[in-house]
Amino acid sequence: MVLKTHGEIDLMDAANGLVHRVLDGIEKRIAPGVTTADLDRYAEETIRAAGAVPAFLNYRGYPATLCTSVNDVIVHGIPAAQELAEGDIVGVDCGVLYQGYYGDAARSFAVGEVAGEARNLLEVTREALELAVRQVRPNGHLSDIGHAVQEHVEAGGFSVVREFVGHGIGTALHEDPQVPNFGHSGRGPRLQPGLVLAIEPMVNAGSAGVRIDPDGWTARTADGSLSAHFEFSVAVTESGARVLGIGEARA
Ligand code: MF3
Ligand code: CO
């Protein structure tokens, strides 16, 4: 695991600040009739205008700036000419490389009015991320993060995806350690100040299974149920956690 200095964490805060600025702009633009390709164009222009580079574009051949994951798509949906419709939910994942450091965050949004189950799924997944962040502290166990996510998600009647995990982040998009969204508490490596983790619960309304489309990227729920995804990049600090890019430190 690579530990970052205070100066490096400030740079990662700036990279994630740009990611959250993009996600704020997307939140304002999301409406019935908007295409995911429209959102991708906005994101790429905003990132390049800030002097940064889209982190996902060309990563292992990925063809876009954003991942836009509609309804039963869990993650890695590819932006397309498809229009968002009232009642959809859409996960938007954005990564940037800025001044040598990566930022990575995701939010899931409702398009107009959505059904009660969809609203509940979004809320439980967002809460799971918040609870995960509360486990981040020096000397805490890495596995406490996944345990907190799994407990909250399953108490809400939903299931946690096993095939994709969070990750360390820094001068590479994916660094050690892996950060699963499930598991027992009190296990595995201890968290140390300077470690930066991308924590990203992916939650299915039905069963946990995943199916990949023939495009090799689009990951869907095997049972066709809805799925939601939220992600923060979080630094372990001497006093607790700092969620990067949102102008907030948490003890
Ligand atoms: N947030 C995801 C991750 O960190 C997004 C990766 S999309 C990819 O794994 F295209 F870059 F693979
Ligand atoms: Co990530």
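Read on for a plain summary of the structure. (Residues numbered from 1 in each chain as written. Chains lettered and ligands numbered in written order. Predicted model: local features only at pLDDT ≥ 70, side-chain atom pairs only at ≥ 80, totals over all residues. Heavy atoms only, no water.)

1. Details of the overall build of the protein
Part 1 of the reasoning: Counting its regular elements, the protein contains 4 helices and 16 strands.
Part 2 of the reasoning: For 251 residues, the compact-globule formula gives about 18 Å, and the C-alpha radius of gyration of the protein, at 17 Å, lands near that figure.
Part 3 of the reasoning: Relative to its 251 residues, the protein shows a buried fraction of 53%.
Part 4 of the reasoning: Carbon together with sulfur atoms contributes 49% to the accessible area of the protein, which is approximately 10200 Å² in total. (Helix = DSSP H or I, 4+ residues; strand = E, 2+ residues; numbered from the N terminus. Rg over C-alpha atoms; globule rule 2.2 N^0.38 Å. Buried < 20%, exposed > 50% of the residue type's maximum accessible area, 1.4 Å probe, protein only. Areas by Shrake-Rupley, 256 points an atom, 1.4 Å probe, with all protein chains shown as cover.)

2. Section: the pairing of strand S8 (residues 175-179)
Part 1 of the reasoning: In this sheet, S8 lies alongside strand S7 (residues 166-168) in antiparallel orientation, the contact comprising 3 bridges. From the neighbouring strand, glycine 166 faces S8, where its bridge partner is valine 179.
Part 2 of the reasoning: Taking the residues between adjacent antiparallel strands as the criterion, S7 and S8 are bridged by 6 residues. (Pairing = 2+ DSSP bridges.)

3. Details of the site of ligand 1
Part 1 of the reasoning: Taken together, Phe56, Tyr59, Tyr62, Cys67, His76, Asp93, Asp104, His167, His174, Glu200, Trp217 and Glu231 are the residues near ligand 1.
Part 2 of the reasoning: Between ligand 1 and aspartate 93, the relevant distance is 2.6 Å, taken from a nitrogen atom to a side-chain nitrogen or oxygen of the residue.
Part 3 of the reasoning: Within the side chain of histidine 174, a nitrogen or oxygen atom sits 2.8 Å from an oxygen atom of ligand 1.
Part 4 of the reasoning: Of the residues in the shell around ligand 1, the class split is 5 nonpolar, 3 polar and 4 charged. (Near = heavy atom within 4 Å. Polar contact = N/O pair within 3.5 Å; in protein donor to acceptor, adjacent residues only side chain to side chain. Nonpolar A, V, L, I, M, F, W, Y, C, P; charged D, E, K, R; others polar.)

4. Details of the packing of helix H3 (residues 116-134) against helix H4 (residues 143-155)
Part 1 of the reasoning: Two numbers describe how H3 lies on H4: the axes approach to 8 Å, and their chain directions differ by 150°. Our classification of the angle between H3 and H4 gives roughly antiparallel. In this structure, H3 meets H4 at a crossing whose hand is right-handed. Here Val124, Glu127, Ala128, Leu131 and Ala132 of H3 come into contact with H4, specifically with Ile145, Ala148, Val149, His152 and Val153.
Part 2 of the reasoning: Classifying every residue of the contact of H3 with H4 gives 8 nonpolar, 1 polar and 1 charged. (Axes fitted to C-alpha atoms, helices over the stretch in contact; angles between N-to-C directions. Parallel < 35°, antiparallel > 145°, perpendicular 65-115°, else oblique. Left-handed = near helix turned anticlockwise from the far one by under 90°. Contact = heavy atoms within 4.5 Å.)

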